[in-house]
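The primary structure of each chain is shown beneath.
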Amino acid sequence: MKPAHFLIFLALILTGGQAESQNLNPTESRIVQAIDAQGHQPVEMLRQLVEINSGTKNLEGVRAVGKVLMPQFEALGFKVRWVPMDEVQRAGTLVAEHPCSTPGKCGLRILLIGHMDTVFEKESPFQHFTIIDDKTASGPGTDDMKGGLVVMISALKALHASRALDHADIEVVLSGDEEAAGHPLEIARREMIAAAKNSDAGLEFENTARENGVFYGSTSRRGAISWRLEAKGETGHSSQVFGPTMGYGAVYELTRILDAFRTQLPEQYLTYNVGLVLGGTTAQLNAVQTGGEATGKSNIVAPTALAIGDLRCISNQQAERIESKMRAIVAQHLPKTDAKIEFYEAYPAQSPNADNRALLKLLNQVNHSLGEPDMPELDPMKRGAGDSAFIAQYIPTLAGTGSSGSGDHSPAEKIDLSSIPINTKRAALLIYRLGQLPQGTKLVDQVK
């Protein structure tokens, strides 16, 4: 596409086609107008961010994204700092603070979060930003979540241009390792958790879910726990398998356990995946647990077998209950075998609650003012684990208020460019309205 044609269709996308606004006060009208006036700038910023490879393990690439973003926040009056994360072998965390200019006279304290990394490392062939058609672009991280970073900054720019940012109390925390979190998590998410404890409401700018043209609000998302299962058994000639001396061997013990997981654990909002299985005379995972090696023969009873997988739950209570059931299943050994299961540090769950739903209702009030339809509550089965769960333990939180697209975590990742302005307007007006509520306000009281 020729540059001139690109700018023409981009202007149409970013300023036209929205339902007519209604019930906006003068400041809110100026916010909307400021977003329309941004023209092609958001997509040009997106192009700049996407062209920087920021796979989680590409530490310099993640830092490069931070260097692009930091002056953007500073120009809006934020105090910006970079927190190194060398101790967890990650690039670092960007923190931007816009404190209340007149303490005690500002509204609710608002926390905005997101991440700068992608799943596409330097060796990935998927590296560049490409315009596909009048409404679509592709590129690594376009939807997850460099488009969300653009929505966040564009919303803040509109608030600044309309002077609505003058008395706002806002903190931004952007992690550099959401796609492959550093451990321990209490260090990797230290700034995010500290900010949540000092805030009243939180918005996470991963992609806004959309299906069949309908935008959804995310009040919850399941947590993710990794597990490793290892089985042991006797070894020897296969003619003696199942007998009193040889028993069943490690592979049968592992199979018994996995099949019992399949049949005995199911309940609502729960999934438990087996991602890799190895077994034989020897079995060993590689250092990063993405594969391994196994040896064996058809006429030798396997003495070792292992499997790795994950567990996704809607609440920490569900996670504890399912872990207990899994341990009990593992303990019911076949003759002459043994087995153990280990669970590893994980992303917590963001459970659905009245506070999060109240925040979604406030967002839908914004939709009404914009002449947009309500955003239904997204089924948590349709969203993966993410950083919003770390702050949702402390404050009302919405996950996914950024751009919209498809194909996340694959070379088919795309962003709908037309989603940028409407989601920017939603975010900017919600931030503004939260900032107009007096400190101490309970969100559930605002939507009764």
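Our subject is the structure that appears above.
Residues numbered from 1 in each chain as written. Predicted model: local features only at pLDDT ≥ 70, side-chain atom pairs only at ≥ 80, totals over all residues. Heavy atoms only, no water.

Trainee: A description of the sheet that holds strand β5 (residues 136-138) should follow, citing residues and the corresponding values.
Mentor: Sheet architecture is open: four strands sit in the order β4-β5-β18-β17, paired in antiparallel fashion. Edge positions in the sheet fall to β4 (130-133) and β17 (405-406), since each of these pairs with one other strand and no more. The sheet contact formed by β17 and strand β18 (residues 414-416) spans two bridges and is antiparallel. Paired with G405 across the bridge in β18 is I415. With respect to the sheet, helix α5 (residues 142-161) is in contact with β5, β17 and β18, its orientation differing from that of β18 by roughly 45 degrees. (Pairing = 2+ DSSP bridges. Helix = DSSP H or I, 4+ residues; strand = E, 2+ residues; numbered from the N terminus. Contact = heavy atoms within 4.5 Å. Axes fitted to C-alpha atoms, helices over the stretch in contact; angles between N-to-C directions.)

Trainee: Please provide a residue-by-residue account of the environment of M145, values included.
Mentor: Structurally, M145 can be placed in helix α5. What makes M145 buried here is its relative accessible area of 0%. Sequence separation between M145 and I415 is 270 residues; the distance between their C-alpha atoms is 9.7 Å. (Buried < 20%, exposed > 50% of the residue type's maximum accessible area, 1.4 Å probe, protein only.)

Trainee: How would you explain helix α3 (residues 41-50) if you had to name every residue and give the values?
Mentor: Here α3 has its buried residues at P42, V43, M45, L46, L49 and V50. For α3, the angular spread of buried residues about the axis comes to 155 degrees, placing them on one side. (Arc of directions from axis to C-beta.)

Trainee: Quick one: what's the story with the pairing of strand β10 (residues 223-233), residue by residue and with numbers?
Mentor: Across the 11 residues that make up β10, a large majority, eight, are buried. Bridging between β10 and strand β14 (residues 304-313) involves 10 bridges; their strand directions are antiparallel. Bridge pairing links G223 to C313 in β14. Where β10 meets strand β15 (residues 337-347), nine bridges bridge the pair, whose relative direction is antiparallel. Looking at the pairing, K232 lines up with D338 of β15.

Trainee: Report on the pattern of salt bridges, specifying residues and quantitative values.
Mentor: Two side chains with opposite charge may pair up if their charged atoms get near one another. Within the structure shown, the criterion is met by 24 salt bridges. Between E191 and R190 there is a salt bridge, and its shortest N-O distance comes to 3.2 Å. (Salt bridge = Lys/Arg side-chain N within 4 Å of Asp/Glu carboxyl O.)

Trainee: Now, about the sheet that holds strand β7 (residues 201-204): what can you tell me, with residues and values included?
Mentor: Strands pair in a sheet through their backbones, by hydrogen bonds, and they do so in one of two ways: parallel or antiparallel. Read across the sheet, six strands follow the order β1-β2-β6-β3-β7-β16 without closing on themselves; strand pairing throughout is mixed. Edge strands, defined here as strands with exactly one partner in the open sheet, are β1 (79-85) and β16 (397-398). As judged from the five bridges shared by strand β2 (residues 90-98) and strand β6 (residues 170-175), these two strands associate in the antiparallel manner. In the sheet register, A96 faces β6, and the bridge partner there is V172.

Trainee: Tell me what's going on with the nonpolar core, and back it up with residues and numbers.
Mentor: If you look at the biggest cluster of nonpolar residues, it comprises 72 residues, and the most contacted ones within it are F73 and L156. Setting aside residues no more than four positions away along its own chain, L156 makes contact with F73, L76, F78, L112, L165, I170 and V172. (Core = buried A, V, L, I, M, F, W, Y, C linked by side-chain atoms within 4.5 Å.)

Trainee: Go over the side chain of T304 with me, naming the residues and quoting the values.
Mentor: Within the element layout of this structure, T304 appears in strand β14. For T304, a relative accessible area of 6% corresponds to the buried category. One polar contact links T304 to K232, side chain to side chain, over a distance of 3.2 Å. Excluding anything up to four places from it in sequence, T304 contacts E230, A231, K232, A250, G279, G280, T281, T282 and A283. (Polar contact = N/O pair within 3.5 Å; in protein donor to acceptor, adjacent residues only side chain to side chain.)

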